[in-house]
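Coordinates in review
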Amino acid sequence: MWLLIMILLNTVPGLEKITVLNTFATSEECQSERNRVGFEMAAAYPYERDFIIACRLNPKHSS
């Protein structure tokens, strides 16, 4: 299982450093959504560079 996550690069009181946005069965599905979300976030917040949108394999389901 693949996780689409947002990683905050700065500490924000009351927010988790890593937030799971969605889950996917395949890397390709996750990457496609990562691209979509990443482009929309970049358009909405063009000067904000304090987060990363990424796909990661869920270590609990990697076997």
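The notes below deal with the structure included here. Owing to the predicted nature of the structure, the values given are computational and were not obtained by experimental measurement.

**Considerations on the sheet that holds strand 2 (residues 18-24)**
Here we have three strands laid out as an open sheet, ordered 2-1-3, and antiparallel in their pairing. Each edge of the sheet is formed by a strand with only one pairing partner; in this case those strands are strand 2 and strand 3 (51-57). Averaged over all neighbouring strand pairs, the angle between strand axes comes to 25°, with direction disregarded.

**Observations concerning the pattern of salt bridges**
In the structure shown here, the tally under the stated rule is two salt bridges. Of the charged contacts in the structure, one is a salt bridge between arginine 36 and glutamate 33, with a shortest N-O distance of 2.6 Å. Linking arginine 36 with glutamate 33, this pair stays in helix 1 (residues 27-44), spanning three residues, or about one helical turn. Residue classification places arginine 36 among the partly exposed positions, given a relative accessible area of 39%. Of the charged contacts in the structure, one is a salt bridge between glutamate 40 and arginine 36, with a shortest N-O distance of 2.8 Å. Here arginine 36 and glutamate 40 lie together in helix 1, a separation of four residues that amounts to about one turn. Overall, glutamate 40 belongs to the partly exposed group, its relative accessible area being 48%. Three or more residues are tied together by salt bridges with common partners; here these are Glu33, Arg36 and Glu40.

**Quick word on the state of the cysteines**
Summed over all chains, the structure comprises one disulfide. Disulfide partner of cysteine 30: cysteine 55, at an S-S distance of 2.2 Å. Every disulfide takes its handedness from the sign of the S-S torsion; for cysteine 30 and cysteine 55 that torsion is -105°, giving left-handed. A residue pair is termed long-range when its members are at least 10 positions apart, and cysteine 30 in helix 1 and cysteine 55 in strand 3 qualify at 25 residues. Taking relative accessible area as the criterion, cysteine 55 reaches 10% and is therefore assigned buried.

**Some remarks on the nonpolar core**
Leu4, Met6, Leu8, Phe24, Cys30, Val37, Phe51, Ile53 and Cys55 form the largest nonpolar core, which has nine residues in total. At the level of secondary structure, the elements contributing two or more residues to this core comprise strand 1 (2-8), helix 1 and strand 3. Excluding its chain neighbours within four sequence positions, the residues that come into contact with isoleucine 53 are Leu4, Ile5, Met6, Leu21, Arg34, Val37 and Gly38.

The rules behind these values
Residues numbered from 1 in each chain as written. Predicted model: local features only at pLDDT ≥ 70, side-chain atom pairs only at ≥ 80, totals over all residues. Heavy atoms only, no water. Pairing = 2+ DSSP bridges. Helix = DSSP H or I, 4+ residues; strand = E, 2+ residues; numbered from the N terminus. Axes fitted to C-alpha atoms, helices over the stretch in contact; angles between N-to-C directions. Salt bridge = Lys/Arg side-chain N within 4 Å of Asp/Glu carboxyl O. Buried < 20%, exposed > 50% of the residue type's maximum accessible area, 1.4 Å probe, protein only. Disulfide = S-S within 2.5 Å. Core = buried A, V, L, I, M, F, W, Y, C linked by side-chain atoms within 4.5 Å. Contact = heavy atoms within 4.5 Å.

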